[in-house]
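Notes for the structure review
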Amino acid sequence: MVNCCCGLLTLKKEPVPLKSVEVEVEVRDHVATVVSTLNYENQEDKPLEAVFVFPLPGDAAVCHFSAKIGQTEIVAEVKEKQKAREEYDDALSSGQQAFLLEESEQSPDIFSLSVGCLPPKESASIRLEYVTELAVQADDGLRFCLPAVLNPRYQPQGSEGQGGGNIQVTSIPASKVPYSLSFCARVSSPRPVVKIESNCSLDPLQYLNTEQTQATTKLAAGHKFDRDVEVLIYYKDAHQPTAVMEAGEASAKPGTLMGDPAVMLSLYPEFPQSVMSSVASCGEFVCLLDRSGSMSAPMNNSKNRQSRIGSARDTLLLLLKSLPLGCYFNIYSFGSSYEHIFPKSVEYSQKTMEEALKKVGEMGANLGGTEILRPLQHIYSQPCIQNQPRQLFVFTDGEVGNTKQVIDLVKKNSHLHRCFSFGIGEGASSALINGLAKEGGGHAQFITGTDRMQPKVMQSLRYALQPAVIDVSVSWDLPKNVSVSVLSPPITAVFQGQRSLVYAQLSGQIPEAAEGSVTVKYTLAGQPLQNRFNFSLKPAEDSGLTVHRLAARSLIRSLEMENRESKDQQDESVKKKVVELSVQSGVSSAFTAFIAVNKGDGEAIQGPLVRRDVPTPRFVAMNTLCRSMPHFRSQPLTACRMSSSKPRLLMKSSGSSKKRVLGGGPRVEACAMPPPDIIECDFGMAVDMSEPSEPPMDPLLQLVSLQKASGCWDLAPDLAAAVGKTSEEVEKQKPASVSQEVWATILSLIWLHGFKMDSKDEWDLLAMKAVSWLRAQNASCVEECVDAGNALLGCKVQKDALGL
């Protein structure tokens, strides 16, 4: 269990050694190099050890770590993890300054930096560099995220101490973080940069050349640590395949990964409109919804204040209404335990849809912790339904400690399904959300800030209903005596909106000004297709080693997974390969760590070493607390009162003066008393724990909630109210020769097209279902109905626009 002492150090007013963080991002097409500088200062009169736990993108590869103390710079080396830890401990025991950077053994997106034996009044500057791929969003934007918020990862019961790598986290309110952040980004690409957007305020974009292929921006002054820093980059001609060639490291031995040239192919196919408009009428759709305590947090800080769980309920309404007749579905929810609406997936019908929606409406964020592994195991234990491909939709705020175990399970079952994942709110683990989608052949989406969940989920549902590119093969045509070794796992499937990167090592003598070509063959909607493109074998200038390091990271991750899948969990041969590759490339792995020791000539530092945990920002304090209590089964708390005494929880029941101290350990049993509404603790701030008051249902969702599984609407008072009319007005305008259902369905479609075109992504699939139902009725007087509906609603929607 992570340690959630949540800012106790700052309450005692002890100095925090981390003073500032500076981040510089260099984006090259689809990948980025990120340099972070962390500035420390020991203001105490004793030597100290500062420990800072922080997140990185889940697929990042740390490739440089150095420290500067005064005028002395020490560059860290990559070593086998246990040896690095022993060297660090030996250095501290002899009074030497030492620095240790290591990856969590549970999750690849969490790192711990230990700054050991920093003398009194001494300053140190830490430089950390990593490379990462940028995820493609559904609107073709490339997403870079700097996770400024690290939420403590929920550790499943029984996992404490496993792996020896549990990292302790200290977190405090975002407004009280005692260090500053500066951030700037430089973008370059063979294609023009169209725009750069962010959830934080950026200074205006500045182009560095007339072709607009290079641009720079930075965070505006006054940025607060209340959210992740998310940057979206848009290029012109985003779907053109590209190849980036990179020269090897001059000092590395030819024939090795780092000594030979490397190439990165970017494949981002655009599907024909004929395929995009076709929608499958089969499939097994399984939704897995997080109902842990953190899901009661608001989606954003706006006045709307809809909770994450409330937004998820609305999203499931839209999703269920949009499913095609003839498919199968089920809905699971999880916290410390898990539940399912049906014992096994059922055929989609009016009856089963209504039963599911009733259960969804009752769902709250009241299932305790975040145990996602067990419901996934149960889902995979269910036999697949013949001719109904399984599509899994996972909704979570993504804070678990056993990330690697969860992703391994998804990969093991990837031949049976596609997995679409949705990271909700600040601090969601990019390793978990991206890993689920990548290994499950699906698509990852992040819902942060003022984003709405519904359009992103419906986008993914559209992808799930469309055919995927299958039978993918990549062949190379290179000059004589040049051979290629592909370092990436094989591409099994690609679908609309998904980008695949292929890394390869080129060996042999490459002639000057030579060209190579790549042919990609695949099958789409039953049709064999192929793309061929040429690329220069001349390495790009000043490209650094980004491609080599990402290629090494890709190979390392594959080997690590092979090791975890091995029956012999201590497969030493695989581990040895990973360590060798990690040391050769300078890229972090689960089995290595960066170690730097200042072996200066000075005398050993005298006095006891004081440990200081550097706090990280926390988005909602009390939700973190609830996640750390897996057996807590109360309703959401309604108030919080602070106590300045020792760490404890004190809870008071509604309508009662009785109080009960529950203690401060990580495991708190449920009280045998009514649901508590007062909690006292010494976290240093009061937090309103009530679930945000849900805003009134949106008129769009009101109308959607009335649609039948078949796609039609009934003519009822609720429908009239949803379109802003009385029952009498709606009845009076109905053409005499048309049925009530046809009239109600056409009226609903007119209202959607007339008033909700800005939300078309959300209702497009269910409107297609309504149009299909209308066509099946062979209804007469459709044009008369459209004219009457326009007159009633004050719209000018054309019959053709409705798809009729």
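Residues numbered from 1 in each chain as written. Predicted model: local features only at pLDDT ≥ 70, side-chain atom pairs only at ≥ 80, totals over all residues. Heavy atoms only, no water.

As for the overall build of the protein
Across its full length, the protein holds 18 helices and 38 strands. Counting every position in the protein, which comprises 804 residues, the buried fraction comes to 59%. A separation threshold of at least 6 residues defines the contact pool for the protein, and within that pool the share at least 24 residues apart is 76%. (Helix = DSSP H or I, 4+ residues; strand = E, 2+ residues; numbered from the N terminus. Buried < 20%, exposed > 50% of the residue type's maximum accessible area, 1.4 Å probe, protein only. Contact = heavy atoms within 4.5 Å.)

Comments concerning the nonpolar core
With 80 residues, the main nonpolar core has Phe393 and Phe395 as its most contacted residues. Here the element with the most residues in this core is helix H16 (residues 740-755); it accounts for 9 residues. Val27, Ile74, Val136 and Leu181 belong to the second largest nonpolar core, which has 51 residues in total. (Core = buried A, V, L, I, M, F, W, Y, C linked by side-chain atoms within 4.5 Å.)

Here's the deal with the packing of aromatic side chains
Tallied over the full model, the rule gives 9 aromatic pairs. Summarising the aromatic geometry, the rings of Phe144 and Phe183 are spaced 6.1 Å apart at their centres and angled 20° between planes, so their arrangement reads as stacked. With Phe144 in strand S11 (residues 142-146) and Phe183 in strand S13 (residues 180-188), this residue pair connects regions lying 39 residues apart in the sequence. Take Phe183: its relative accessible area is 4%, and that puts it in the buried class. Plain terms: the ring middles of Phe329 and Tyr348 are 5.9 Å apart, the flat faces sit at 80° to each other, and that makes the pair edge-to-face. With Phe329 in strand S21 (residues 328-334) and Tyr348 in the loop between strand S23 (346-347) and helix H5 (350-361), the pair connects residues that are 19 residues apart, well separated along the chain. Tyr348 carries the same exposure label as Phe329, and that label is buried. Among the aromatic side chains, those forming a connected cluster through ring pairs are Phe393, Phe395, Phe420 and Phe422. In this structure, Arg143 is placed above the aromatic ring of Phe446, and the distance from its NZ or CZ to the ring centre is 3.9 Å. Its end group placed over the ring of Tyr234, Lys195 keeps NZ or CZ at 4.7 Å from the ring centre. (Phe/Tyr/Trp six-rings, centres within 6.5 Å; stacked < 30°, edge-to-face > 60°. Lys NZ or Arg CZ within 6 Å of the ring centre and 35° of its normal.)

Re helix H9 (residues 453-465)
End to end, H9 covers 19 Å across 13 residues, agreeing with the expected 18 Å (1.5 Å per residue, within 8%). Of all 13 residues making up H9, 11 are buried, and the element is well covered by its neighbours. Residues of H9 that are buried include every one of Met453, Gln454, Lys456, Val457, Met458, Ser460, Leu461, Arg462, Tyr463, Ala464 and Leu465, and no others. (Expected span 1.5 Å × (residues − 1).)

Examining unusual backbone geometry
Although it is not a glycine, Asp140 sits at a positive phi angle of roughly 75°. Looking at the element boundaries, Asp140 is found in the loop between strand S10 (135-136) and S11. Even without being a glycine, Ala513 presents a positive backbone phi close to 60°. Mapped onto the elements, Ala513 comes out in the loop between strand S29 (500-508) and strand S30 (515-524). The class of Ala513 is exposed, set by a relative accessible area of 75%.

Describing the pattern of salt bridges
Throughout the structure, instances matching the rule amount to 23 salt bridges. One salt bridge in this structure joins Glu284 and Arg390, with 2.9 Å as the shortest N-O distance. With a gap of 106 residues between them, Glu284 in strand S20 (residues 284-290) and Arg390 in strand S24 (residues 390-396) connect regions that are remote in the sequence. For the pair Glu284 and Arg390, one class covers both residues: buried. Across the pair Asp397 and Arg308 runs a salt bridge, and its minimum N-O distance is 3.2 Å. Separated by 89 residues along the polypeptide, Asp397 in the loop between S24 and helix H7 (403-412) and Arg308 in helix H4 (residues 308-322) bring together distant segments of the chain. Here the two residues Asp397 and Arg308 agree in accessibility, since each one is buried. Salt bridges sharing partners connect three or more residues here, namely Glu103, Lys404, Arg557 and Glu560. (Salt bridge = Lys/Arg side-chain N within 4 Å of Asp/Glu carboxyl O.)

Observations concerning the environment of Leu529
Along the chain, Leu529 falls in strand S31 (residues 527-536). Placed 60 residues apart in sequence, Leu529 and Val469 show a C-alpha to C-alpha distance of 9.6 Å.

Focus on the side chain of Thr523
Counting through the fold element by element, Thr523 comes out in strand S30. Overall, Thr523 belongs to the buried group, its relative accessible area being 18%. Contact partners of Thr523, with chain neighbours within four places excluded, come to Ala468, Val469, Ile470, Asp471 and Pro528.

As for the sheet that holds strand S17 (residues 229-235)
The sheet built from 4 strands is open, its strands ordered S10-S11-S17-S14 with antiparallel pairing. If you trace the sheet from one side to the other, it starts and ends with S10 and strand S14 (193-198), each paired once. Where S11 lies against S17, 5 bridges are found, and the strand directions are antiparallel. Among the inter-strand pairings, Cys145 is bridged to a residue of S17, identified as Glu230. (Pairing = 2+ DSSP bridges.)

Focus on the packing of H9 against helix H17 (residues 760-777)
Running from N to C, H9 and H17 point in directions that differ by 45°, and their axes come no closer than 7 Å. Taken together, the axes of H9 and H17 are oblique relative to one another. Residue-level contacts link Gln454, Pro455, Met458, Gln459, Leu461, Arg462 and Leu465 of H9 to Asp761, Glu762, Asp764, Leu765 and Met768 of H17. In the contact of H9 with H17, the residues fall into 6 nonpolar, 2 polar and 4 charged. (Axes fitted to C-alpha atoms, helices over the stretch in contact; angles between N-to-C directions. Parallel < 35°, antiparallel > 145°, perpendicular 65-115°, else oblique. Nonpolar A, V, L, I, M, F, W, Y, C, P; charged D, E, K, R; others polar.)

A few points about the sheet that holds strand S27 (residues 470-477)
Strands sit in the order S27-S30-S31 across an open sheet of 3 strands; the sheet is antiparallel. Each edge of the open sheet carries a strand with a single partner, namely S27 and S31. Ignoring which end each strand starts from, the neighbouring axes of this sheet average 15° apart. The pairing of S30 with S31 spans 10 bridges and is classified as antiparallel. Across the sheet, residue Val520 finds its bridge partner in S31, namely Asn531.

Quick notes on the confidence of the model for the protein
Counting all residues, the mean pLDDT for the protein is 78, and 78% of those residues have values of 70 or more. Here residues 1-13 scores under 50 on pLDDT; set against residues more than four positions off or in separate chains, the count is 37 contacts. Long-range and interchain partners of residues 149-167, a stretch whose pLDDT sits below 50, account for 76 contacts in this model, where long-range means more than four residues apart. (pLDDT = per-residue confidence, 0-100.)

Structural notes on the packing of H7 against helix H8 (residues 430-439)
Where H7 contacts H8, the axes come no closer than 8 Å and their chain directions differ by 15°. Between H7 and H8, the interaxial angle falls into the category roughly parallel. Like other packed secondary-structure pairs, H7 and H8 cross with a definite hand, here right-handed. Across from Thr403, Val406, Ile407, Val410 and Lys411 in H7, the residues of H8 making contact are Ala431, Leu432, Gly435, Leu436 and Glu439. (Left-handed = near helix turned anticlockwise from the far one by under 90°.)

Overview of a negative patch on the surface
A surface patch of like charges, here negative, comprises Glu783, Glu784, Asp787 and Asp800. Among the secondary structure elements, Asp787 is positioned in helix H18 (residues 782-793). (Patch = residues over 30% accessible without salt bridge, like charges linked within 9 Å, V, L, I, M, F, W, Y side chains within 5 Å. Areas by Shrake-Rupley, 256 points an atom, 1.4 Å probe, with all protein chains shown as cover. Lys, Arg positive; Asp, Glu negative; His and termini not counted. Charge placed at Lys NZ, Arg CZ, Asp CG, Glu CD.)

Describing H4
Between its terminal C-alpha atoms H4 stretches 21 Å, which fits the 21 Å expected from 15 residues at 1.5 Å a residue. Taking burial as the measure, the 15 residues of H4 include 15 buried ones, the bulk of the element.

Focus on the state of the cysteines
Considering all chains together, one arrives at 0 disulfides under this definition. Cysteine Cys200 remains unbridged, with the sulfur of Cys145 as its closest cysteine sulfur at 9.1 Å. (Disulfide = S-S within 2.5 Å.)

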